[in-house]
Amino acid sequence: MITEIGNFLLSIATALSFCMFFVIFTEKIINVGSRLLFCKLFIHLITFLIFISFCLLISAFLTDNFSLRYVANNSNISLDTIYKFSAVWGAHEGSILLWVLILSLWGSGVALLSKNLPKTIVSDMLAVMGFLLLFFLLFILLSSNPFDRIFPVPLNGRDLNPLLQDPGLIIHPPMLYIGYVGTSIPFIFAIAILLNGKINITWLSWLRKWVICSWVFLTMGISLGSWWAYHELGWGGWWFWDPVENASFMPWLSITALMHSLIVSEKRGIFISWSILLAILTFSLSLLGTFLVRSGILVSVHAFANDPERGLYILLFLTLIIGSSLLLYFLRSRYLVIKDNYSISSKELMLLINNLFLTITTFAILLGTLYPLISSSLDLGKISVGAPYFNFIFASMMLPIVFLMSPAIYSGWQNTNYKYLTKKLSIILFYSIIISYIFLNVFYQTDIFIVFIALSLAIFTIFSSVMKILQITKNGASKNIIKNIFLLPGSILSNLLSHIGIGVLIIGITISNYYSIQKEVVMKKNTEITIKDTTIRFVNVKRKIENNYSSQVGIFDAFSENNYLVSFFPEKRTYNIQKNVMTEAAIDSSFFRDIYIALGENLSEDSWVVRIYYKPYIQFLWYGAALMILGGLFGIFGRNKLSQNAQNDS
Amino acid sequence: MIKITTKNKSNIIKIMIFFFAFAGFCALLIYALSKNMVYFYTPTQIINKEAPVGSFIRIGGMVKKNSVIRSKDSLKVSFKIHDLEQVINVSYDGILPDLFGEGQGVVMTGKLLDTKNFIADEVLAKHDENYMPPEVADMMKEKNKEMYKK
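These numbers were taken from a predicted model, which means no experiment stands behind them. (Residues numbered from 1 in each chain as written. Chains lettered and ligands numbered in written order. Predicted model: local features only at pLDDT ≥ 70, side-chain atom pairs only at ≥ 80, totals over all residues.)

## Re the environment of W235 of chain A
All names here are of chain A. Mapped onto the fold, W235 is located in the loop between α9 (201-232) and α10 (243-268). Accessibility expressed as a C-beta count within 10 Å gives 17 for W235, which makes it partly exposed. Measuring from C-alpha to C-alpha, the distance between W235 and T583 comes to 9.3 Å, with 348 residues separating the pair along the chain. (Helix = DSSP H or I, 4+ residues; strand = E, 2+ residues; numbered from the N terminus. Buried ≥ 20, exposed ≤ 12 C-beta atoms within 10 Å, placed from the backbone.)

What follows is the structure, encoded as C-alpha cells:
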C-alpha cells in the first residue's frame, strides 16, 4: 500500500513541477499576476506532496516495514529508534528524497518571502525551480525510488551502515543538504535575471540574505561532518581531503566568494555579471558534488551507491544545466550593467582579490579532485593526488587572503586613508607577531616558519576585528559598550564575527596540526604511559552487549601529577548483522586540549594496541566554526543599516 | 594603428599583471600536482619492473592466507599480498585498520624497496565486509578474464 501511495504522490509532484516549469513559456498568453499565482500554488503543492511522501518513508522505517527494499537494506528491528529515523537519509534513495524535499522547501520559501521582487522575476525563478524539481523527481522515480518493493519480504533488515550510527550523522546530512541545495536560490535568481535582462540593486540585497542563509547551513554541515569524522573514524583526523569532502568544500568556497562579491555589487553597483556567473558556478559545483557522491565513481567513506546508470543521469543533467546556463550568460550578461565607468581601488580591490583567490583555490581543488578520475578514464595510469597537494595549495592561497582581511575591514569604499590604515595596522601586526613568537617559544620551544606566519596572521585578524568593534562601539549611541555591540548593524557584526571565527579556526588548525603528540603502542593491562603531562593507565577491558552490537570496552584512567583526572572508555564494536568492526574513540575535551584514546587490535589475552593522541587547541576548530555561523546569523537576522541610521538621527 | 594613451597603458599593465599572475599560478599548480601524484601499481607490474624502485607508490592486492606475521612487543607486522599471479612482501609499522584480514583486499601507500619488497606507510581496508577497493576490484576482474582465456 505504502508503495502505491508514495509513487502516486511523487508522480503527481513530478507532473506539477512540469507544469510549473511550463509557466515560463506562457509569457505571451497569461498575464504576470496569474503566472506568479500559478507558480506559487504549484510550489506549495509540490512541497506538500513530497513532504507527505517523506513522512510515509519515515513511518515505514519506524514501523519496520521491510516490504520496501530501501527499508530492508538500511534498517533493522533492533536498531535504536533515533537511528531508524536517521536511516531514512542513510543511503542513496532516501537522501535524494530528502534532497528534493529541501529543494521544494527552499522554493516555497522563495514563494513566501519575495515581496520585494518584481512578479516577473519571481515567477521565472519558480519556473526554473520547477525544472530542477522535475529532474530530481524523475531521477527518483526512474532510478532511485525509495518506495520500490522487495519480494519475498525479509523478516529482518540488513541494518544501517554502522559508521552512520552516530549522533553526528543524524543532523550532518540534512544540514549539508540544506546548504548544498540552498545554492539553487542564487542559481534560479541568476537565470531569471538573465532571461529578463535587467537588474536592480535592491534585488541583490534580497539575494544576499538567501546566499548567507545557505552559507550558514553549508558551514554547519561541513563542520558537523568534520566533527563526526574526528569522533567516529578513529584516526584522530578531522579533514582528509577525501573527494567527497572536497565536493562539499568547493561549493562552500565559491559561495563564500559570491557572498563577498554581492557586497560589492550591492554597495557599488559593479561586479554584477561576475556575481551572476559565480551564482551559476556555485550551483554547478553543488551538482557536481552530488554527481561525485552519488555515482559511486569515488573511493570514499561516503560513496554508498555503485550504480553507473545513476551517475550517467546526473552527469547528463549537469552538462545540460552548466551548458545552457553558461550559454545564456554569454548571450545576456552584457545587459547587466548598472555602472559603466568605475575605478577599482580600496575595499573593492581587496574584495576583488578575495574573489580571485577563492576562485583559484576552488579551481585547484577541483583539479586535484577530478584529475585522478580523468587520468584513469583516459588510461593514463591510476593516480591519486595526496593530501600534501591540497595542503600546499590551500595554505599558499589562504594566507594572503587572511592577511588582507584586516586592511579590508579598515578600508572604505572608493577612497581609503592609507596613511592612517598603515599606521594603525602596522602597530596591530607588530604586536601580533610578537605575541605569536613568544607563544610558540614559551609553549612549544620551536618556531616552524609556516606555523609562525599562520599564527601571526590569525592573531592579526582577531585583534584588528576586535579593535574595530571597540572603535565603532565607543562612538555609538549608548554609553554602555556592551549595549552598543548589540546595536551594531548586522552587516558589520557578521563581518567582524565571521572573520574572528576564521582567525580562531586557523589557530586551531595550525597548532593541532603541528603540535599534536601521537602514540601508537602495545599496552598490557595495569601499565602506564605518559603523554605530555598526563599519565594514562590501562585498567581493563570489559565486554558489553547491546541491542545490535557487542563491544569490548577499554577502561583507562588519566592522572595528572597523581591526581585522578578522568576515565576513558574507548570501544571496539562488532555489529551483529553486517559483522563490521568499528572503533569508537574516547575523547576528553577541555578548552586547550583533547586527549583521544582508541583501541587497536587485541594482540593477546591482556595486551592491546592502543592509539593515544594529545591534540592541543583542537577545540578551536569548533569555536571558530561556531563564530562563523553566528556571524552568518547576524548577517541574516541582524539589524539593518537603515534602522540604525534612523536611530542615530532621532 | 592603436594609439597608446595613458588609459590604454594602464589597462595594458593591468592585463600584463593579470597574465603573469595567472601564469605563475598555473606553474605553481602543475608543480604541486606533479610533486604529489601517486601512481598505482599491481604486484604483477612491480615484478615486471614497471614501477620505479625507491619511489613512493600505491599498491593493492589481496592479503595472502597465513602470511601475516606480527611482532610480539611492537606494532611491526609483515604480510604478503598477491593478485593471483605475483606476490609482494609488505612490512608495516603501525595500527592496521579494523577490516584488515587475510583474504581481504587492501590498498597501501608507501615506498618500493626493490621489485619484491614494499614498506607501507598507510594501509587502507574499508569498513564493509563486501567492499573491495576499486583498484583491486578492477585488477582482479582483468586477471580473472586473462585466466579464463588461458
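## Looking at the nonpolar core
Grouped together as the largest cluster of nonpolar side chains are 169 residues, with contacts concentrated most on V100, M125, L126 and F136 of chain A. Top contributing element to this core by residue count: α9 of chain A, with 16 residues. If you look at the next biggest cluster of nonpolar residues, it comprises 42 residues, including F568, L599 and V609 of chain A together with Y41 of chain B. (Core = buried A, V, L, I, M, F, W, Y, C linked by C-beta atoms within 7 Å.)

## Comments concerning the domain arrangement of chain A
Residues and elements named next belong to chain A. The assigned domain composition of chain A is domain 1 (1-165), domain 2 (170-416), domain 3 (420-515 + 625-649) and domain 4 (517-617). The C-alpha centroid of domain 3 is placed 24 Å from the C-alpha centroid of domain 2. Contacts between the two partners involve 19 residues from domain 2, matched on the other side by 22 residues from domain 3. Those elements that provide at least two residues to the side of domain 2 that touches domain 3 are α9 and α14 (387-410). For the side of domain 2 that touches domain 3, the leading source of residues is α14, giving nine residues. For the side of domain 2 that touches domain 3, the class distribution of residues is 13 nonpolar, five polar and one charged. (Domains from an automatic or database assignment. Contact = placed C-beta atoms within 7 Å. Nonpolar A, V, L, I, M, F, W, Y, C, P; charged D, E, K, R; others polar.)

## A closer look at the pairing of strand β11 (residues 607-616) of chain A
Residues and elements named next belong to chain A. Of all 10 residues that make up β11, eight are buried, and the element is covered over most of its length. With eight bridges connecting them, strand β2 (residues 517-524) and β11 associate as antiparallel partners. Across the sheet, the residue bridging to Q518 is Y613, located in β11. Counting the residues that bridge the hairpin from strand β10 (residues 593-604) to β11 gives two residues. (Pairing = 2+ DSSP bridges.)

## So, the confidence of the model for chain B
Residues and elements named next belong to chain B. Confidence in the prediction for chain B averages 80 pLDDT; 84% of positions are at 70 or higher. Here helix α3 (residues 134-149) stands out as the least confident element of chain B, with mean pLDDT 68; strand β5 (residues 87-93) is the most confident, with 92. Counting interchain partners and residues more than four positions distant, the pLDDT-below-50 stretch residues 127-131 has nine contacts. Quick note on the complex model: pTM equals 0.90, ipTM equals 0.78. (pLDDT = per-residue confidence, 0-100.)

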